[in-house]
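Working through the structure, step by step
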Amino acid sequence: MEPCPPQGVVISSSCESHGAHVSWTASPVAETYFMIATGGNGDVRSCNTTASNCSLSALQCGQQYAVSVTASHENCSSMASQNVTFNTVPCQPDGLSVLVQCVNHSALLSWTVRGGVVDYWGCAQAEDGIMLYCESTGTSCTITGLECGAQYNFSVQASDGTCNSSFSEPLLAGAAPCPPETIAVTMIPMQNQTQFLRASWTHVNCPNVQYLLEVTGSILGDSQSLFELSSYWTSSSFFELLLPCGSSYSATVRSRNFAGDSAPSAAITGITAPCPPPVVTYSGFNSSATISWNGSVYATMYTVYDISGVVRTQVCSTVQLSCSLANLDYNNLEVTASNTAGESDPTREITVHHLKRRDLSEEEIISETGLSMPKVQVTVETPNVLLVEWSRVKGAAYYTLVVREQSSHPRHASRSQILTVYGESSIVTDLNPSSTYCLSVSAQTEASKGPNSEPVCVETVAPAVKM
């Protein structure tokens with residue numbers, strides 16, 4: 001007779017062997033049984049047995065298998081039993097990543113989720129064998145209690161509620177120290193157009209920590225003139241690096257030990273003291289003169305000193321690019337630039353423009369007020385700057401300088417500006433290039449005005465063409 005299909009198929013998972021044990025109720029007259037298990041990905045396993053059970057092992061992980069059993073007697077086989085399904089052991093998680101948080105001595109583990117998993121266990125094994133765990137039903141969990149400076153093997157295990165997967169491939173990572181929390185920068189006074197940056201920082205509470213100071217920046221505001229400097233790794237909490245004058249900088253500190261390197265600290269930015277003012281010019285006489293200079297990058301103040309004595313004496317401090325002087329020898333002068341980071345080296349090379357002074361006793365034109373007519377000299381400095389100098393008038397309290405632009409169009413009136421000057425020179429700025437200007441000066445007191453000088457007319461030059 002044909003055997004009846006086997007009944008009561010029962011499957012018990014075998015986590016250790018990554019398989020299952022299948023049993024059923026024996027069919028009357030059946031001599032042999034044929035069991036077949038088909039996985040969701042097409043994997044097929046089978047078993048021929050005279051007993052009413054069979055074991056499967058080394059099945060593919062994370063698969064659902066459908067099992068059926070047929071009974072045979074001589075040349076007759078039964079219909080297959082009803083399919084019974086079961087899930088194999090979960091596969092080990094993959095895509096593990098670890099982000100160690102130095103601030104709270106923890107590590108964030110992340111991985112890729114697989115189907116059929118109901119729980120995950122993250123693990124951190126220290127070199128001394130101590131294990132730390134975290135649990136999650138999602139894609140990440142946080143392990144706390146890491147020891148600063150220690151290295152750990154991080155891995156993760158999945159569970160379907162019955163069996164656990166093997167642990168993922170371990171990922172070695174260290175609880176590296178944090179960067180210093182606080183950094184301070186001090187600038188040492190400028191010398192030889194260089195300035196020491198002294199950086200100091202707070203110690204990191206972690207064993208065997210070393211520190212690295214890194215400074216980047218640009219020179220004279222030029223994006224093409226960049227520098228990168230660093231200290232060596234040191235256990236000290238300070239270091240000094242030499243920076244050029246007129247530079248901007250950004251300083252950070254990293255820490256490390258045998259567990260790894262920290263991220264850079266928050267950056268401290270700043271500037272160094274300026275370079276010495278370039279192109280210093282002295283115009284006039286010792287009794288009355290103007291000293292001027294070109295601007296220095298990052299300078300906020302300029303100072304003129306008299307160095308004739310044992311100790312240099314400040315004679316002028318200004319945010320402008322010139323000063324009026326009286327009764328000072330240019331051979332004893334120096335000019336510096338400064339900002340919040342310090343003062344530059346002095347500029348002592350001075351170009352001198354003397355006025356050609358004649359004996360005016362026979363040429364003075366005495367007005368009814370008793371004030372003489374000044375003698376004026378004009379120098380074209382740049383396309384839009386003139387230096388105007390004149391002889392001193394006895395009894396004058398101040399001078400009036402008239403600057404008149406000559407229009408080439410007959411219908412346009414000439415434009416004038418009137419300046420009040422205390423001294424015997426003035427720098428006239430914001431002029432138009434390639435234009436003609438006529439200038440005259442008169443001496444004045446609080447009660448009277450002297451005669452205007454003979455106009456001196458000059459033409460400003462055209463701006464240079466950049467190639």
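Calculation rules
Residues numbered from 1 in each chain as written. Predicted model: local features only at pLDDT ≥ 70, side-chain atom pairs only at ≥ 80, totals over all residues. Heavy atoms only, no water. Pairing = 2+ DSSP bridges. Helix = DSSP H or I, 4+ residues; strand = E, 2+ residues; numbered from the N terminus. Patch = residues over 30% accessible without salt bridge, like charges linked within 9 Å, V, L, I, M, F, W, Y side chains within 5 Å. Areas by Shrake-Rupley, 256 points an atom, 1.4 Å probe, with all protein chains shown as cover. Salt bridge = Lys/Arg side-chain N within 4 Å of Asp/Glu carboxyl O. Axes fitted to C-alpha atoms, helices over the stretch in contact; angles between N-to-C directions. Buried < 20%, exposed > 50% of the residue type's maximum accessible area, 1.4 Å probe, protein only.

**Points about the sheet that holds strand β30 (residues 342-343)**
Ordered in space as β27-β26-β29-β30, the four strands form an open sheet in which the pairing is antiparallel. Lying at the two open borders of the sheet, with one neighbouring strand each, are β27 (313-318) and β30. In the sheet, strand β26 (residues 301-306) pairs with strand β29 (residues 333-339) via six bridges, with the strands oriented antiparallel. Bridging across to β29, M301 finds its partner in S338.

**Some remarks on a nonpolar patch on the surface**
Residues W121, M131, Y133 and F167 make up a contiguous nonpolar surface patch of roughly 370 Å² in combined accessible area. Among the secondary structure elements, F167 is positioned in the loop between β14 (151-159) and β15 (171-174).

**Quick look at the sheet that holds strand β11 (residues 119-126)**
The four strands are arranged β12-β11-β14-β15 in an open sheet whose pairing can be described as antiparallel. The open sheet has two edge strands with one neighbour each: β12 (131-136) and β15. Between one strand axis and the next, the sheet turns through 25° on average, direction left out of account.

**Re the pattern of salt bridges**
A complete count under the given rule lists seven salt bridges for this structure. The shortest N-O distance in the salt bridge between R254 and D261 comes to 3.4 Å. Overall, the relative accessible area of 18% leaves R254 in the buried class. Residue D261 is classed as partly exposed on the basis of its relative accessible area, which comes to 44%. One salt bridge connects E334 with R348, and the closest N-O pair in it is separated by 2.5 Å. Pair noted here: E334 is in strand β29 and R348 is in the loop between β30 and β31 (350-353), with a separation of 14 residues, a long-range link.

Keep in mind these values describe shape, not function.
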